[in-house]
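The residues making up each chain are set out below.
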Amino acid sequence: MKLSEVKVDQIATIRALGSDTHFLSRVTSIGMTEGTRVQVVRNDRKMPLLIYVRETLLALNRKDCEKIEVEVKA
Amino acid sequence: MSTIALLGQPNSGKSTVFNQLTGARQHVGNWPGKTVEKKDGSFSYNGVKYELVDLPGSYALSGNSDEEIITEDFIKSGKADLVCILVDASQLERSMYMVSEFASMGKPAILILNMMDVAEKQNKSIDADLLSSRLGIPVLPFTAAEGKEYGKLKELIVKELSDPHTLSSTPYLASGKESKGKKSADQLKAESETKFQWVSEMLDGVTKTKSEKYELSKFDRIAIRPVLGKFVTIGIILLAFLVAMIICIPFMSLGSMIPQYTSGPISDALTGWNVHPWLVSIFSLMIPNVIYFSLSMAAFVLGVNLVFGFLEEVGFLARAAYQFDGVLSKIGLQGKAVAPLLMGFGCTIGGSCGTRVMDNWGQKMLAMAAVWAIPCASIWAIVPVISGMFFPAWGTLLICLGILLYIFVMIFLVSKIFGKKLAPVESRTGMIMELPPYHKAHWKHILKESFFKALDIFLRALRTVTLISLLFWALSYSKSGAVEDSILYKVGTTIEPVTKFFGMGWRTFMAFLSSAFAKEAVLGVLNSVFIGDNSLLNATFNAKTSGADAGSLSTVMSNSVSKAEALAFMFAVTFNIPCVMALSTTYRESHSLKWTSRVAFFYFGSALILSCIVYHLASLFM
């Protein structure tokens, strides 16, 4: 599923980041690589997502979150 | 002289370390040929002077932005004898990425684990010795806002300059070394994964890895709500502005006493010594006012920096940015611009120096250009007075509403005209921003930094304001004291046919010109050009003390100015260059004469066009 579809407080693992190199270098340099665990802290309509990655609280644009494929463990 | 460079990601505390080390011995400019701010300075230790360069903050060194290219080139050039890499100890794994990027360059370095106080508060322990032995460079646990820690840092820097260390471990990249030029998506992914893998290896056993869940703080649960949070944010910023005003009002009123109490005596004394009236007016009118203006500016800068320093350091500004990023990104600005923009309603100077929180120079300049469009408190005081002379109360209300609406048009124009250059569309990426954990504010550090900034602005403002004042003084000087003898009058009446086209007669046009100098001057100048009981010079400089008589002014003005002209005039004044102090603050903050004058010309020109449109439209109905 997409990162933008993950519910609050669920923990997801990043599976695919797509192939847009500009986007890739931005998200990877801030700590989001394939295999990284992400906790969704807030997911409000029309707002950037708040996620917790590598000990850091990040605000990430909703459109960008739609490009990130994740897997949620039940 | 040895040169030391500071390298770190945004929010790593780099500028705090830079300011604490250099104090007032710093120089801010631009990197040659780039619109990226360059900060360098120096510090002394045991009588030896060292040069310090603050490299632009970025998350990586992959050549994706001007900031990254400058940093990489600078390090590779070997101009730095030692690179101090700053990382955030409370987010060590993520911020160590910068070290992995730096590793392949093979230059001497030390690692500073900043924000140890925050890390300790979160019960994160870090084995600095183990990390140091793995990396092969010294590792210093540090809290940048604590002044007493700098002795250790300087000592370490000096020691390393004579006995430098380079990283003994570097991420092993499959291709052998960092791939050059444009990387493919797979290369990018592989390289960043390798680098984070290396970071994990370095940190294995150094930190206790905890995979605890993140809990929003009580305050965040309110501040981050989509609707309520926005109101809370606006409320806090307005409150902050109020506090800044309270801080600067005593200084301003003290400053206002300078012209009030010195003008008369100086003028009397100099006239008594038969000094040329030319010089008398310079010394008795202009200079005391220049000091007053500069002092007010410095007081504003002090107040704004204190509250902004506080809001930024505790981590609130990042939340504000998160709330407003959606709206502001539409005009090419970052969410952070919300604070300076709101402050603009109080004072354009305050808003302009508030833009210091922006991430890069282009954003800062664009934000300042947008702040200019926001009518400051003085406008909201003048417009009702003028409007009241021509229109009933509901008319005034409509005009204020019209002004409010036009702010959006103006900001839209600013973003269309300047946005492309200052915030290139390809650089306008969606928000990726960290929300730092709330910290305790280090007041001593905030006070020190605000004070330095205020002093700096005061000294620089003296020069800029003097220059512009001299110009205005020369234009409005009149031997007899009557308006008709000034150059401004002669020019004004000569070009009246032209200004008429723009909707203003020579009198209102002159007041329009003076509004670029100081909004407070507008009423005084109107008074002097319409009634003529006061010299133009006096009216401009002693705006508040000249006591514009609204009653008689109203009678005279409403007889000689049409309603359409009055309306055009009010809009033109509101969206003109805000004031000479805002102009000089913008120049001081941007370090760019080119861009400051571009923005100034734009505002002056667009105010004239606006006036023209309003006048001719209003003439159809009034």
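Residues numbered from 1 in each chain as written. Chains lettered and ligands numbered in written order. Predicted model: local features only at pLDDT ≥ 70, side-chain atom pairs only at ≥ 80, totals over all residues. Heavy atoms only, no water.

Trainee: Could you give an account of the sheet that holds strand 4 (residues 56–60) of chain A, with specific residues and numbers?
Mentor: Spatial ordering of the open sheet is given by 5(A)-1(A)-2(A)-3(A)-4(A)-8(B), a layout of six strands whose pairing is antiparallel. The open sheet is flanked by strand 5 (69–72) of chain A together with strand 8 (432–434) of chain B, the only strands paired with a single partner. Across the sheet, the mean angle separating the axes of adjacent strands is 40 degrees when strand polarity is ignored. Where strand 1 (residues 11–16) of chain A meets strand 5 of chain A, four bridges bridge the pair, whose relative direction is antiparallel. If you follow A:Ala16 over to strand 5 of chain A, its bridge partner there is A:Glu69. Against the sheet, helix 12 (residues 316–329) of chain B engages strand 3 (49–53) and strand 4 of chain A together with strand 8 of chain B, with an angle of about 155 degrees to strand 8 of chain B. (Pairing = 2+ DSSP bridges. Helix = DSSP H or I, 4+ residues; strand = E, 2+ residues; numbered from the N terminus. Axes fitted to C-alpha atoms, helices over the stretch in contact; angles between N-to-C directions. Contact = heavy atoms within 4.5 Å.)

Trainee: I'd like a description of the sheet that holds strand 2 (residues 26–30) of chain B, backed by residues and values.
Mentor: All names here are of chain B. The strand order across the open sheet formed by seven strands is 2-3-4-1-5-6-7, and the pairing between neighbours is mixed. The two strands at the open ends of the sheet, each matched to only one other strand, are strand 2 and strand 7 (139–141). When strand polarity is set aside, the average angle formed by the axes of neighbouring strands in this sheet is 25 degrees. As paired elements, strand 6 (residues 109–114) and strand 7 share three bridges and run parallel to each other. Along strand 7, the bridge assignment pairs Ile112 with Leu140.

Trainee: Go over the side chain of B:Gln91, please, and point to the residues and values.
Mentor: Inspection of the secondary structure assignment puts B:Gln91 in the loop between strand 5 (82–88) and helix 3 (92–95). Setting aside its immediate chain neighbours within four residues, B:Gln91 contacts A:Glu55, A:Thr56, B:Glu434 and B:Pro437.

Trainee: Account for the nonpolar core, with residues named and values stated.
Mentor: Residue and element names in this part refer to chain B. Core analysis: the biggest nonpolar cluster contains 122 residues, and Leu333, Leu526, Phe569 and Tyr603 have the highest contact counts within it. The dominant element in this core, judged by the number of residues it contributes, is helix 11 (residues 277–314), at 16 residues. Two domains each put at least three residues into this core: domain 2 (223–384 + 405–442) and domain 3 (456–621). By size, the runner-up hydrophobic cluster in this structure holds 39 residues, among which are Ala5, Phe74, Ala89 and Ala103. (Core = buried A, V, L, I, M, F, W, Y, C linked by side-chain atoms within 4.5 Å. Buried < 20%, exposed > 50% of the residue type's maximum accessible area, 1.4 Å probe, protein only. Domains from an automatic or database assignment.)

Trainee: So what's going on with the environment of B:Lys183? Which residues, and what values?
Mentor: Residue and element names in this part refer to chain B. Looking at where Lys183 falls in the secondary structure, it is placed in the loop between helix 7 (150–162) and helix 8 (185–203). The class for Lys183 is buried, based on a relative accessible area of 15%. A C-alpha to C-alpha distance of 40 Å links Lys183 and Ser217, two positions 34 residues apart in sequence.

Trainee: Can you break down helix 10 (residues 228–272) of chain B residue by residue, with the values?
Mentor: Residue and element names in this part refer to chain B. The terminal C-alpha atoms of helix 10, which comprises 45 residues, lie 65 Å apart, in line with the 66 Å expected from a rise of 1.5 Å per residue. At Cys248, helix 10 shows its maximal bend, which comes to roughly 35 degrees, and the proline Pro250 appears one to four places after that position. All of the buried residues along helix 10 are Gly229, Thr233, Ile237, Ala240, Phe241, Ala244, Cys248, Gly255, Pro259, Ser263 and Leu270. Positive phi shows up at Asn274, right after helix 10, with a value of about 60 degrees. (Expected span 1.5 Å × (residues − 1). Bend = angle between axes of the 7 residues up to and from the residue.)

Trainee: Report on the domain arrangement of chain B, specifying residues and quantitative values.
Mentor: Residues and elements named next belong to chain B. For chain B, the assigned domains read domain 1 (3–203), domain 2 (223–384 + 405–442) and domain 3 (456–621). Centre-to-centre, using C-alpha coordinates, domain 2 lies 21 Å away from domain 3. With 45 residues of domain 2 in contact, the opposing surface of domain 3 contributes 46 residues. Broken down residue by residue, the surface that domain 2 buries against domain 3 is led by Phe293, Met297 and Trp372, which jointly contribute 19%. For Glu589, the salt bridge identified is with Lys364, shortest N-O distance 3.6 Å. Breaking the side of domain 2 that touches domain 3 down by element, the ones donating at least two residues are helix 10, helix 11, helix 14 (348–354), helix 15 (361–371), helix 16 (377–390) and helix 17 (393–422). (Buried area = accessible area lost by both parts, 1.4 Å probe. Salt bridge = Lys/Arg side-chain N within 4 Å of Asp/Glu carboxyl O.)

Trainee: How would you explain the pairing of strand 6 of chain B if you had to name every residue and give the values?
Mentor: Put simply, side chains in a regular strand alternate between the two faces of the sheet. All names here are of chain B. Of all six residues in strand 6, six are buried; the element is thus mostly enclosed. In strand 6, alternate side chains face the same way, and those of Ala109, Leu111 and Leu113 on one face and Ile110, Ile112 and Asn114 on the other are all buried. Across six bridges, strand 5 lies against strand 6 in parallel orientation. Across the sheet, the residue bridging to Cys84 is Ile110, located in strand 6.

Trainee: Please provide a residue-by-residue account of the interface of chain A and chain B, values included.
Mentor: How big an interface is tends to be stated in terms of the accessible area lost upon association of its parts. Listed as interface residues are 34 residues of chain A and, on the opposing side, 40 residues of chain B. For the pair chain A and chain B, the summed buried surface comes to about 3,400 Å²; carbon and sulfur atoms form 62% of the total. On the chain A side of the contact with chain B, A:Arg54, A:Glu55 and A:Leu57 bury the most area, a combined 18% of that side's loss. Linking chain A with chain B are three salt bridges. A salt bridge links A:Glu34 to B:Lys189; its shortest N-O distance comes to 3.1 Å. At the boundary of chain A with chain B, the tally comes to ten residue pairs in polar contact (both at pLDDT 80 or more). (Polar contact = N/O pair within 3.5 Å; in protein donor to acceptor, adjacent residues only side chain to side chain.)

Trainee: Give me the pairing of strand 1 of chain A: which residues, what numbers.
Mentor: Of the strand pairs in this sheet, strand 1 of chain A and strand 2 (residues 37–42) of chain A are connected by three bridges, and their pairing is antiparallel. Bridging across to strand 2 of chain A, A:Ala12 finds its partner in A:Val38.

Trainee: So, the packing of aromatic side chains: which residues are in play, and what are the values?
Mentor: Residue and element names in this part refer to chain B. Inspection of every chain in the model, using the stated rule, returns 18 aromatic pairs over all chains. Aromatic side chains Phe390 and Phe391 sit 6.4 Å apart centroid to centroid with 45 degrees between the ring planes, which places their arrangement in the tilted category. As far as burial versus exposure is concerned, Phe390 and Phe391 are alike and both buried. Arranged with centres 5.3 Å apart and planes meeting at 90 degrees, the rings of Phe418 and Phe602 form a pair that is edge-to-face. Here the residue Phe418 occupies a position in helix 17, and Phe602 occupies one in helix 27 (residues 593–621), the gap between them amounting to 184 residues. With respect to class, Phe418 is no different from Phe602; both count as buried. Taken together through their ring pairs, the aromatic side chains of Trp361, Trp372, Phe418, Trp595, Phe602 and Tyr603 make up a single cluster. (Phe/Tyr/Trp six-rings, centres within 6.5 Å; stacked < 30°, edge-to-face > 60°.)

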